[in-house]
Amino acid sequence: SVGVSLTSAGEDLYAVLSNSFSRASEVVRTIKRGDRSKNVTIACTDAFATIWLIPRMADFWARFPDIVVDHLISDNPRDYRRAEVELRVRYGLGSWADETAELLFDDTIYPVCGPGFAAQHRDATTETLPELPLLHVDWADPEWADWDEVFRRAQIPHGPNRGRRFSRFAVAIQAAQADQGIAVGWHRLVRHLLREGKLVRLTGLEIPAPGGYYLTWNERRTLSPAAQSLRTWLREMAEQERQQIGAF
């Protein structure tokens, strides 16, 4: 049989093409995988993302223009276990399996409604709140305090809670602004609406939230440089928030 062999020029061409294909394959793998040193995924609820985190993110972008932050926004805590999630902001009591939890800040809750609704119910008292239209939020996370828990903690007698139900806090707050009823107001999330006059407090009821907002990460996983930068920034933002507990 006649063998086939490359000429010297052919061998040079093969070496160049082989190296090029190898580099191209590595580039594709890098694109698919992403540069983890410059990429971080953070998970939090819709309310926390919409009202607290996203309005502050412009400061992070200005300081860290090379870091890409992916936001996994979900009210279902099961989504927080996805492999790509490095940081989580959770509301609760600070204990989750396999996670290190660091308190960002606590909160205070009180009834809120629109100015028109408040004007129509000037005679409302803490004791008569259960008789008024209540706006409920049915969260996937059972640690979030609802009207039933608020009344229990305030020792207000009540029967079955009537009213409208929503799957998202932000929508319930929109309904409250539209004078459709009373929502449980979380001070950290509604104070800007109180300041703007879009919401008002109804009655003097005020109780400490049973839980707090925590920054968590997997205790068995080393955080990427991007995640470490985001964690440091969140700690700074939380310190500013803690100093504004009474601010409207």
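Here we summarise the structure given alongside this text.

Reading the values: rules and limits
Residues numbered from 1 in each chain as written. Predicted model: local features only at pLDDT ≥ 70, side-chain atom pairs only at ≥ 80, totals over all residues. Heavy atoms only, no water. Helix = DSSP H or I, 4+ residues; strand = E, 2+ residues; numbered from the N terminus. Buried < 20%, exposed > 50% of the residue type's maximum accessible area, 1.4 Å probe, protein only. Contact = heavy atoms within 4.5 Å. Axes fitted to C-alpha atoms, helices over the stretch in contact; angles between N-to-C directions. Parallel < 35°, antiparallel > 145°, perpendicular 65-115°, else oblique. Left-handed = near helix turned anticlockwise from the far one by under 90°. Core = buried A, V, L, I, M, F, W, Y, C linked by side-chain atoms within 4.5 Å. Nonpolar A, V, L, I, M, F, W, Y, C, P; charged D, E, K, R; others polar. Salt bridge = Lys/Arg side-chain N within 4 Å of Asp/Glu carboxyl O.

### Notes on the overall build of the chain
Item 1. Within the chain, the regular secondary structure consists of seven helices and 11 strands.
Item 2. The proportion of buried residues among the 248 residues of the chain is 43%.
Item 3. Of the contacts made within the chain by residues no fewer than 6 positions apart, 82% connect residues no fewer than 24 positions apart.

### Examining the packing of helix α2 (residues 46-63) against helix α6 (residues 187-195)
Item 1. Contact geometry of α2 with α6 gives a least axis separation of 9 Å together with a crossing angle of 70 degrees. On the basis of their axis angle, the class for α2 and α6 is roughly perpendicular. Considering the relative orientation of α2 and α6, their crossing is left-handed. Two secondary-structure elements touch here, α2 through A47, I51, W52 and R56 and α6 through R188, L189, R191 and H192.

### As for α6
Item 1. Among the nine residues that make up α6, seven are buried, leaving the element largely enclosed by the rest of the structure.
Item 2. Among the residues of α6, those classed as buried are H187, R188, L189, V190, R191, L193 and L194.
Item 3. G197, located one to two residues past α6, shows a positive phi value of around 80 degrees.

### Observations concerning the nonpolar core
Item 1. Core analysis: the largest hydrophobic core is formed by 66 residues, its most contacted members being L53, L87, F169, W186, L189, L202 and L230.
Item 2. A total of eight residues in this core trace back to one element, the largest contributor, which is α2.
Item 3. Ignoring sequence-local partners within four residues, the contact set of L53 consists of I42, C44, F48, H71, W233 and L234.

### Quick word on unusual backbone geometry
Item 1. For D98, which is not a glycine, the phi torsion comes out positive at approximately 65 degrees.
Item 2. With respect to the helices and strands, the residue D98 is situated in the loop between β3 (85-92) and β4 (99-105).

### Some remarks on the packing of α2 against helix α7 (residues 225-242)
Two measures define how a pair of helices packs: the angle their axes make with one another and the distance between the axes.
Item 1. Here α2 crosses α7 at 125 degrees, and the two axes come no closer than 11 Å. Taken together, the axes of α2 and α7 lie oblique to each other. You can see that α2 and α7 cross each other, and the crossing is right-handed. In contact with W52, L53, R56, M57, D59, F60 and R63 of α2, α7 contributes S229, L230, W233, L234, E236, M237, A238 and E241.
Item 2. A per-class count over the contact of α2 with α7 returns nine nonpolar, one polar and five charged.

### Some details on the side chain of T41
Item 1. Mapping T41 onto the fold places it in strand β1 (residues 39-44).
Item 2. Leaving out residues up to four positions away in the same chain, T41 has contacts with D70, L72, E84, V85, E86 and L87.

### A few points about the pattern of salt bridges
Item 1. The tally for this structure, following the rule as stated, stands at 19 salt bridges.
Item 2. The shortest N-O distance in the salt bridge between R88 and E99 comes to 4.0 Å. You can see R88 sitting in strand β3 and its partner E99 sitting in strand β4, a full 11 residues away along the chain.
Item 3. One connected set of salt bridges, linked through shared partners, spans R56, D106, R188, R191 and E241.

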